[in-house]
Amino acid sequence: PDAVLLAIDDTAATQLIAAMAQLNVKIPLGGHPGTFALDTLRKYKDITKGTVLSESFPYPSKNNVKNFPGLVQFFADMKASGKKNLDPASIRPTSLSPWIATLAFVNVTKDVDTLTPASVVQALETAQDVDLMGLTPPWTPSTPGFSVFESSSNHFVYVSRFDGKNVVTDKEPVDVTQYVE
């Protein structure tokens, strides 16, 4: 094959990459950031250099802070938790999604006096260009979905690549609606 797109967890991906290394199979890889543990990418860099990752948010690593300053707050919050698995040096990339979801909820509901199911729905229906610290383009929850993604209000993905040492995210996201009918 020309490339392999993985949609498996990091444990299975690590086993597959180790087998690829044993067999000296060098096929370009791609997938979701949660598929690839950074330690695995680094350990098998002869196989994984150039691996492409895509996600709705930039890859949460210190080397991406310059282009995505909102990561500074993310890392500070994770460190403040005091939990070893949330330490910025060893955090899993999937930890960013729930943090951004919480940030979105807080920002959408900041002017709601009493939180009820109806008031939250109303806030979601009327919010415009919600600031998520530059970790996504300004988000409008009521943006219509597209194609088979009828409930998706975020039409952007960030593309990242493993350069042999770090996962580096492109500064500009890609609007995926241009590729789906």
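Residues numbered from 1 in each chain as written. Predicted model: local features only at pLDDT ≥ 70, side-chain atom pairs only at ≥ 80, totals over all residues. Heavy atoms only, no water.

(A) Highlighting unusual backbone geometry. Here the phi dihedral of N24 falls at roughly 55 degrees; this positive angle occurs in a residue that is not glycine. Within the fold, N24 resides in the loop between α1 (10-22) and β2 (29-31). Of note in this structure, M133 is not a glycine but carries a positive phi near 60 degrees. Checked against the element boundaries, M133 lands in the loop between α6 (117-126) and β4 (156-162). (Helix = DSSP H or I, 4+ residues; strand = E, 2+ residues; numbered from the N terminus.)

(B) Broad picture of the layout of surface pockets. Within this model, the largest pocket holds a volume of roughly 400 Å³. Looking at the largest pocket, it is lined by 22 residues, and the ones nearest its centre are L38, Y59, A89, S90 and I91. Top element by residues in the lining of the largest pocket is helix α2 (residues 38-43). It accounts for three residues. For the lining of the largest pocket, the residue count by class is 11 nonpolar, six polar and five charged. Roughly 200 Å³ of volume is contained in the second largest pocket. Surrounding the second largest pocket, S56, F57, I100, A101, A104, L132, T136, W139, S153 and N154 form its lining. Here the residues of the lining of the second largest pocket sort into six nonpolar, four polar and no charged. (1 Å grid on protein atoms, 1.4 Å probe; cavity = no way out; pocket = protein on both sides within 12 Å on 5 of 7 lines; lining within 4 Å. Points joined across faces, edges and corners; volume = space filled by probe spheres on them. Nonpolar A, V, L, I, M, F, W, Y, C, P; charged D, E, K, R; others polar.)

(C) Representation of the side chain of T140. Tracing the sequence through the fold places T140 in the loop between α6 and β4. Among the polar contacts listed, one links the side chain of T140 to the backbone nitrogen of D129, at a separation of 2.9 Å. Once residues lying within four places of it in the same chain are set aside, the contact partners of T140 are A127, Q128, D129 and S153. (Polar contact = N/O pair within 3.5 Å; in protein donor to acceptor, adjacent residues only side chain to side chain. Contact = heavy atoms within 4.5 Å.)

(D) A look at the confidence of the model for the chain. In the predicted model, the chain carries a mean pLDDT of 92, and the fraction of residues at 70 or more is 100%. The spread of mean pLDDT over the elements of the chain runs between strand β1 (residues 4-6), the lowest at 91, and strand β5 (residues 167-169), the highest at 96. (pLDDT = per-residue confidence, 0-100.)

(E) Representation of a nonpolar patch on the surface in the model. Taken together, F105, V106 and L115 make up a surface patch of nonpolar side chains, about 280 Å² in accessible area. With respect to the secondary-structure elements, F105 resides in helix α5 (residues 96-109). (Patch = residues over 30% accessible without salt bridge, like charges linked within 9 Å, V, L, I, M, F, W, Y side chains within 5 Å. Areas by Shrake-Rupley, 256 points an atom, 1.4 Å probe, with all protein chains shown as cover. Salt bridge = Lys/Arg side-chain N within 4 Å of Asp/Glu carboxyl O.)

(F) Structural context of the packing of aromatic side chains. In total, this model carries three aromatic pairs according to the counting rule given. When the ring of F68 is compared with that of Y158, the centres are 5.4 Å apart and the planes differ by 90 degrees; the resulting orientation is edge-to-face. Of the two residues, F68 sits in the loop between β3 (52-55) and α4 (70-80) while Y158 sits in strand β4, which places them 90 residues apart along the sequence. Seen from their ring centres, F74 and F75 are 5.4 Å apart, and the 55 degrees between their planes marks the pair as tilted. With respect to class, F74 is no different from F75; both count as buried. Ring-pair connections join several aromatic residues into one group, and the members of that group are F74, F75 and W99. (Phe/Tyr/Trp six-rings, centres within 6.5 Å; stacked < 30°, edge-to-face > 60°. Buried < 20%, exposed > 50% of the residue type's maximum accessible area, 1.4 Å probe, protein only.)

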